Amino acid sequence: MAARKFFVGGNWKCNGTGEDVKKIVTVLNEAEVPSEDVVAEVVVSPPFVFLQQVKGLLRLDFAVAAQNCWVRKGGAFTGEISAEMLVNLQVPWVILGHSERRALLGESSDFVADKVAYALTQGLKVIACIGETLEQREAGTTMDVVAAQTKAIAEKISDWTNIVLAYEPVWAIGTGKVATPAQAQEVHDGLRKWLHSNVSPSVAESTRIIYGGSVNGANCKELAAQPDVDGFLVGGASLKPEFVDIIKSATVKSSSA
Ligand SMILES: O=C(CO)COP(=O)(O)O
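As named in an unreviewed UniProt entry, the protein is Cytosolic triosephosphate isomerase, taken from Paspalum notatum var. saurae. Recorded in UniProt for the protein, the comment headed Sequence similarities (unreviewed entry) runs: "Belongs to the triosephosphate isomerase family." Quoted straight from UniProt, the Pathway (unreviewed entry) entry for the protein says "Carbohydrate biosynthesis."

Structure (structure tokens):
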């Protein structure tokens with residue numbers, strides 16, 4: 001049974017200047033991350049306009065992701081960036097279905113699933129985001145919500161090899177209110193069971209389910225120690241040097257494996 005490689009994504013969101021980008025990349029390039037071919041897969045996601053710059057400067061053992069792409073082939077869609085363009089620029093990853101886009105830009109689960117399916121057909125790897133709001137958690141519907149979001153994707157794809165599932169409870173994003181390790185584990189375990197029953201046992205076993213929402217250098221180790229937490233999608237802290245500590249939390253996993 002192949003272990004799931006720890007995955008740490010840095011979602012820079014709509015932040016930064018060219019100068020900031022250089023500083024962040026310098027910190028990453030100088031970081032001494034645990035090797036034997038790095039125990040974590042590290043992917044940073046700058047805004048579109050900085051993708052080329054970051055790709056050019058970033059160490060080769062880390063990769064880049066776009067934060068979105070258009071739902072199908074490019075064309076007359078002003079302001080959009082197509083999956084083909086990302087492939088053309090050799091950007092290997094894309095984040096899709098982030099809750100900020102779902103909530104602020106009205107992206108439905110079906111629309112997100114169409115994007116995921118199309119991006120995969122173009123050869124992109126996808127960080128697919130799901131997560132419940134505070135109201136949904138308080139109403140006890142967390143598992144139903146994340147299962148429905150996952151189902152929408154599962155119905156439109158057949159190969160999960162290039163998917164990382166990011167569980168990001170909306171109430172934990174940018175709030176400083178991180179899910180407890182037990183809360184994260186409970187949902188990740190539920191999602192793995194859902195994949196087991198509704199997709200396949202091997203997809204459940206091999207798909208990385210990562211946690212996002214107020215992860216920082218101080219809380220990452222406890223979260224990483226949970227058996228079904230396979231890494232993180234980090235917002236605010238990915239712009240700071242503590243992102244390196246979050247990458248290093250992968251060692252918790254390798255030492256407990
Ligand atoms: O939305 C997130 C990552 O995609 C999480 O953001 P924060 O880490 O800032 O809470």
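## Description of the state of the cysteines
Scanning all chains against the criterion turns up zero disulfides. Cysteine Cys14 remains unbridged, with the sulfur of Cys129 as its closest cysteine sulfur at 16 Å. On the basis of relative accessibility, which here comes to 78%, the residue Cys14 falls in the exposed class.

## Examining the nonpolar core
With 72 residues, the main nonpolar core has Val54, Val94, Val116, Val126, Tyr211, Phe232 and Ile247 as its most contacted residues. Considering each element in turn, this core owes the most residues, seven residues, to helix H5 (residues 109-121). Sequence-distant contacts of Ile247, that is, excluding residues within four places in its chain, are made with Val8, Leu28, Val33, Ala40, Val42 and Phe62. By size, the runner-up hydrophobic cluster in this structure holds eleven residues, among which are Val43, Ile95, Ile210 and Leu233.

## Here we look at the packing of aromatic side chains
Describing an aromatic ring pair means giving the distance of the ring centres and the angle of the ring planes. A full pass over the atoms with the stated rule returns four aromatic pairs. Look at Phe7 and Trp93: their rings are 5.0 Å apart centre to centre, the planes differ by 65°, and that puts the pair in the edge-to-face class. Remark: Trp93 occurs in strand E4 (residues 93-96) and Phe7 occurs in strand E1 (residues 6-11); sequence separation between them is 86 residues. Here Phe7 matches Trp93 in class, with each residue buried.

## A closer look at the site of the ligand
Around the ligand, 13 residues are found, and the nearest of them are Lys13, His98, Gly174, Ser214 and Gly236. Within the side chain of Asn11, one N or O atom sits 3.0 Å away from an oxygen atom of the ligand. Measuring from an oxygen atom of the ligand, one finds a side-chain N or O atom of His98 at 2.7 Å. Burial of the ligand by the protein amounts to 95% of the accessible area it has alone, namely 310 Å². By residue class, the composition of the shell around the ligand is four nonpolar, seven polar and two charged.

## Observations concerning the sheet that holds E4
Strand-to-strand pairing in sheets goes through backbone hydrogen bonds, with the strands running parallel or antiparallel. In space, the eight strands of this closed barrel follow the order E1-E2-E3-E4-E5-E6-E7-E8, with parallel pairing throughout. Strand-to-strand, the axes of this sheet are offset by a mean angle of 25°, without reference to chain direction. Bridge analysis of strand E2 (residues 40-45) against strand E3 (residues 62-66) gives three bridges, and the strand direction is parallel. Opposite Val44, over in E3, you have Val64 as the bridge partner. Sitting on the sheet, H5 touches E4, strand E5 (125-130) and strand E6 (163-167), and the angle it makes with E4 is about 170°. Along the sheet face, helix H7 (residues 142-154) touches E5 and E6 and points at about 150° away from the line of E5.

Here is what the cut-offs are and how they apply
- Residues numbered from 1 in each chain as written.
- Predicted model: local features only at pLDDT ≥ 70, side-chain atom pairs only at ≥ 80, totals over all residues.
- Heavy atoms only, no water.
- UniProt positions renumbered as here; feature names shortened; annotations may be inferred.
- Disulfide = S-S within 2.5 Å.
- Buried < 20%, exposed > 50% of the residue type's maximum accessible area, 1.4 Å probe, protein only.
- Core = buried A, V, L, I, M, F, W, Y, C linked by side-chain atoms within 4.5 Å.
- Helix = DSSP H or I, 4+ residues; strand = E, 2+ residues; numbered from the N terminus.
- Contact = heavy atoms within 4.5 Å.
- Phe/Tyr/Trp six-rings, centres within 6.5 Å; stacked < 30°, edge-to-face > 60°.
- Near = heavy atom within 4 Å.
- Polar contact = N/O pair within 3.5 Å; in protein donor to acceptor, adjacent residues only side chain to side chain.
- Areas by Shrake-Rupley, 256 points an atom, 1.4 Å probe, with all protein chains shown as cover.
- Nonpolar A, V, L, I, M, F, W, Y, C, P; charged D, E, K, R; others polar.
- Pairing = 2+ DSSP bridges.
- Axes fitted to C-alpha atoms, helices over the stretch in contact; angles between N-to-C directions.

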